[in-house]
Amino acid sequence: MSNKQIPVSVLNLAPIRKGQTAKEAIDSMVDLAQMTEKMGYSRYWIAEHHNMPTLVSSATPILIKHTLEHTKKIKVGSGGIMLPNHSPLVVAEQFGTMATMYPERIDLGLGRAPGTDMMTANALRRSKNDTVYTFPDDVNALLTYFGPEERQSYVKAYPGVGTNVPIYILGSSTDSAYLAAKLGLPYAFASHFAPRHMEEAISIYRSRFEPSEYLDAPYMMVCLNVIAAESDEEAQYESTTMKQFFLNVVRNSQTPLSPPVEDMDSIWSPQEKEVAMSMSSVTFMGSKESIKQQLTDFQEKYNVNELMAVSYIYDQDRQKRSYEIFKEVVDGK
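Anyway, here's the lowdown on the structure attached to this text. (Residues numbered from 1 in each chain as written. Predicted model: local features only at pLDDT ≥ 70, side-chain atom pairs only at ≥ 80, totals over all residues. Heavy atoms only, no water.)

1. Looking at the overall build of the chain
Right, on to step 1. For the chain, the helix and strand inventory stands at 11 helices and nine strands.
Right, on to step 2. In terms of C-alpha radius of gyration, the chain reaches 19 Å, essentially the compact-globule figure of 20 Å for 333 residues.
Right, on to step 3. Dimensions of the chain, computed from the C-alpha atoms along their principal axes, are close to 60 × 45 × 35 Å.
Right, on to step 4. Among the 333 residues that make up the chain, the fraction classed as buried is 55%.
Right, on to step 5. Restricting to contacts in the chain with at least 6 residues of sequence separation, those with at least 24 account for 72%.
Right, on to step 6. Summed over all atoms, the accessible surface of the chain reaches about 14700 Å², with 52% contributed by carbon and sulfur. (Helix = DSSP H or I, 4+ residues; strand = E, 2+ residues; numbered from the N terminus. Rg over C-alpha atoms; globule rule 2.2 N^0.38 Å. Buried < 20%, exposed > 50% of the residue type's maximum accessible area, 1.4 Å probe, protein only. Contact = heavy atoms within 4.5 Å. Areas by Shrake-Rupley, 256 points an atom, 1.4 Å probe, with all protein chains shown as cover.)

Okay, structure coming up:
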């Protein structure tokens, strides 16, 4: 697969930047969707996180609907809906309704983690049982709810029946690779924060894939970090925002997305640096030429079907420029 053929998409966790209100963060999310739509990105996925004051992505379906309202053709979806937190019927009704309002524009990415800490997960839980283990059953329930009338049981999703909302399995370990392969569904791997099992997960998914009514062959998506700029030096500087973002994860500190800094080593310890850098190791970073080489090397090794880029850049114009450079590289410009 040549670089030119790769569809590229966007993942947004909808972070609050330092100095922003929650409303401004949501406006930024929509603004980025509008700009990346103009650039020709394929889809725009919004994450689900809870009890995180620095992210506004808790009510994901509402944000998806808001983004659909303010864009024209880009596919908008969830990266992902975390099924332990939701009844499959409610998810089917929500996405079935959006699919009815915005035909052919909805994606449903499904995750098996709660997207938060355990105390918050318990507050979100729809039952006292550990719903992580019901993930395969929940996915099958959703496939049924979106399927044809003749496959329905007594309980149906209205609207939802016959909408055929496309379902994607998300994963950050190898567990979901087995499931996506068994069900014959597209698979998206979260290399942007959990790259350790990426290679193994890709291999499992491809080798075990069973063709289905949804897919004839494996469809492998990888989500990674992209920090593209006019020069390698500028990209390195802008990347310190992303490094601070991952340092926050390591420290469990509640700091908004922060401006770049000249010297990260004055902020983090060697141990913190090691953990944060390992989490963000699958990153394309640098000038257009550097990104081009990194993309070529990545595709020679993994030959994935689609790349999804998340870009933690503080300055919004520079974030847009990063997405623009990445798209130009993919398009061979």
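2. Brief notes about the side chain of glutamine 20
Right, on to step 1. Examined against the element boundaries, glutamine 20 turns out to sit in the loop between strand E1 (8–12) and helix H1 (22–39).
Right, on to step 2. Among the residues examined, glutamine 20 registers a relative accessible area of 17% and is labelled buried.
Right, on to step 3. A polar atom in the side chain of glutamine 20 sits 2.8 Å from the side chain of serine 28.
Right, on to step 4. Dropping the residues within four chain positions of it, glutamine 20 is found in contact with Pro15, Ala25, Ser28 and Gln316. (Polar contact = N/O pair within 3.5 Å; in protein donor to acceptor, adjacent residues only side chain to side chain.)

3. Side note on helix H10 (residues 288–302)
Right, on to step 1. Taking 1.5 Å of rise per residue, 15 residues should cover 21 Å, and H10 covers 21 Å from first to last C-alpha, within 8% of that figure.
Right, on to step 2. When H10 is considered as a whole, its buried residues turn out to be Ser290, Ile291, Leu295, Phe298, Gln299 and Tyr302. Viewed end-on, H10 has its buried residues packed into an arc of 155°, placing them on one side of the element. Among the exposed residues of H10, those oriented more than 90 degrees off its buried face are Glu289, Glu300 and Lys301.
Right, on to step 3. Close packing links the buried residues of H10 with helix H7 (198–208), strand E7 (220–228), helix H8 (232–251), strand E8 (283–286), strand E9 (306–310) and helix H11 (316–330). (Expected span 1.5 Å × (residues − 1). Arc of directions from axis to C-beta.)

4. Things to note about the packing of aromatic side chains
Right, on to step 1. The final tally for this structure, using the stated rule, is 11 aromatic pairs.
Right, on to step 2. Between tyrosine 187 and phenylalanine 189, the aromatic rings sit 6.4 Å apart at their centres with planes inclined by 65°, giving edge-to-face as the arrangement. There is no split in this pair, since tyrosine 187 and phenylalanine 189 are both buried.
Right, on to step 3. For the pair phenylalanine 246 and tyrosine 312, a centre-to-centre distance of 6.0 Å together with 90° between the ring planes defines the contact as edge-to-face. Of this pair, phenylalanine 246 sits in helix H8 while tyrosine 312 sits in the loop between E9 and H11, placing them 66 residues apart in sequence.
Right, on to step 4. Ring-pair connections join several aromatic residues into one group, and the members of that group are Tyr187, Phe189, Tyr205 and Phe209. (Phe/Tyr/Trp six-rings, centres within 6.5 Å; stacked < 30°, edge-to-face > 60°.)

5. Concerning the pairing of E9
Right, on to step 1. Counting buried positions along E9 gives five out of five residues, so the element sits mostly inside the fold.
Right, on to step 2. Here E9 shows no split at all, with Glu306, Met308 and Val310 on one side and Leu307 and Ala309 on the other all buried.
Right, on to step 3. With three bridges connecting them, E1 and E9 associate as parallel partners. Bridging across to E9, serine 9 finds its partner in methionine 308.
Right, on to step 4. With five bridges connecting them, E7 and E9 associate as parallel partners. (Pairing = 2+ DSSP bridges.)

6. Some points on unusual backbone geometry
Right, on to step 1. Omega for the peptide link from glycine 79 to glycine 80 comes to 0°, which places this bond in the cis form.
Right, on to step 2. Considering the arrangement of structural elements, one finds glycine 80 in strand E3 (residues 75–82).
Right, on to step 3. Omega for the bond connecting tyrosine 158 with proline 159 falls within 30 degrees of zero, at -10°, which places this linkage in the cis form.
Right, on to step 4. By the element assignment, proline 159 lies in the loop between helix H5 (135–145) and strand E5 (167–171).
Right, on to step 5. A positive phi angle, near 50°, is found at asparagine 164, a position not held by glycine.
Right, on to step 6. Relative to the helices and strands, asparagine 164 resides in the loop between H5 and E5.
Right, on to step 7. Look at asparagine 303: it is not a glycine, yet its phi comes out positive at around 45°.
Right, on to step 8. Relative to the assigned elements, asparagine 303 resides in the loop between H10 and E9.

7. Some points on the environment of valine 310
Right, on to step 1. Relative to the assigned elements, valine 310 resides in strand E9.
Right, on to step 2. Looking at valine 310, the relative accessible area reads 3%, which means it is buried.
Right, on to step 3. With 20 residues separating them along the chain, valine 310 and valine 330 place their C-alpha atoms 15 Å apart.
Right, on to step 4. The residues contacting valine 310, other than those within four sequence positions of it, are Leu11, Leu13, His192, Cys223, Leu224, Asn225, Val226 and Tyr323.

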